Amino acid sequence: QVELVESGGGLVQPGASLNLSCLVRGRTFGEFDVGWFRQAPGQEREFVAAVPWTGGHTYYADSVEGRSTISRDSARSTVYLQMTSLNPEDTAVYYCAACDSDTWRYNDYRTYRYWGQGTQVTVST
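This section reports on the structure supplied with the text. Here the structure is a predicted model, which is why all the values come from computation and not from measurement.

Scanning the entire structure with this criterion turns up nine aromatic pairs. With 6.1 Å between their ring centres and 75° between their planes, Tyr59 and Trp104 make a pair best called edge-to-face. Placement of Tyr59 in strand β6 (residues 59-60) and of Trp104 in the loop between β9 (92-99) and β10 (114-115) is noted, with a sequence separation of 45 residues between them. On the basis of relative accessibility, which here comes to 23%, the residue Tyr59 falls in the partly exposed class.

What follows concerns the pattern of salt bridges. Applying the stated criterion across every chain, the model contains ten salt bridges. The shortest N-O distance in the salt bridge between Asp90 and Arg38 comes to 2.9 Å. Note that Asp90 is positioned in the loop between β8 (78-83) and β9 and Arg38 in strand β4 (residues 33-39), a separation of 52 residues in sequence. The two residues Asp90 and Arg38 agree in class, both being buried.

Right, let's talk about the state of the cysteines for a bit. The bond known as a disulfide is covalent and runs between the sulfur atoms of two cysteines. Summed over the entire model, instances satisfying the criterion amount to one disulfide. Note on cysteine connectivity: Cys22 is disulfide-linked to Cys96, with sulfurs 1.9 Å apart. Here the S-S torsion is close to -75°, and the disulfide linking Cys22 with Cys96 is therefore left-handed. In this pair, Cys22 is assigned in strand β3 (residues 18-25) and Cys96 in strand β9, connecting sequence segments 74 residues apart. Overall, the relative accessible area of 0% leaves Cys22 in the buried class.

This paragraph deals with the nonpolar core. Judged by nonpolar contacts, the single largest core of 36 residues is most densely connected at Leu4, Trp36, Ile70, Val79, Leu81 and Tyr94. Listing elements by their share of this core, those giving two or more residues are β3, β4, β5 (46-51), β8, β9 and β11 (119-123). With six residues, the single largest contributor to this core is β9.

A word on the sheet that holds β8. A sheet is described by the order of its strands in space; here four strands give the open sequence β1-β3-β8-β7, paired in antiparallel fashion. Bordering the open sheet on either side are β1 (3-7) and β7 (68-73), each of which pairs with just one other strand. Ignoring strand direction, the axes of neighbouring strands in this sheet form an average angle of 15°. Inspection of the sheet shows β1 paired to β3 by five bridges, in the antiparallel sense. Note on β3: the bridge partner recorded for Glu3 is Arg25.

Procedures and definitions
- Residues numbered from 1 in each chain as written.
- Predicted model: local features only at pLDDT ≥ 70, side-chain atom pairs only at ≥ 80, totals over all residues.
- Heavy atoms only, no water.
- Phe/Tyr/Trp six-rings, centres within 6.5 Å; stacked < 30°, edge-to-face > 60°.
- Helix = DSSP H or I, 4+ residues; strand = E, 2+ residues; numbered from the N terminus.
- Buried < 20%, exposed > 50% of the residue type's maximum accessible area, 1.4 Å probe, protein only.
- Salt bridge = Lys/Arg side-chain N within 4 Å of Asp/Glu carboxyl O.
- Disulfide = S-S within 2.5 Å.
- Core = buried A, V, L, I, M, F, W, Y, C linked by side-chain atoms within 4.5 Å.
- Pairing = 2+ DSSP bridges.
- Axes fitted to C-alpha atoms, helices over the stretch in contact; angles between N-to-C directions.

Structure (structure tokens):
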């Protein structure tokens, strides 16, 4: 059984940085393309960033491009999302998701089969 465990959320001030982690358990880490999504209250789920199982080209939403970095550590079966220059619009529950099929579209949440429980990120003074 595949399990995704996010960590690293919390309350931060505007302009601060944050590192989120997603530990993938239960199957070979290299089988999965992994993405981060977020959902603010009353809003739809939104793509943030993604990295394929090859660890090659990475993808970002326009809203976080240039101030976010997604990376994966195969030895730790973990995907990281580093975000800088956080602003209140980044406030949301952040979810890690994994796809193990060839139907993966990095920014389409419907193509991800496995999801974590989410971690809250709040950007506020």
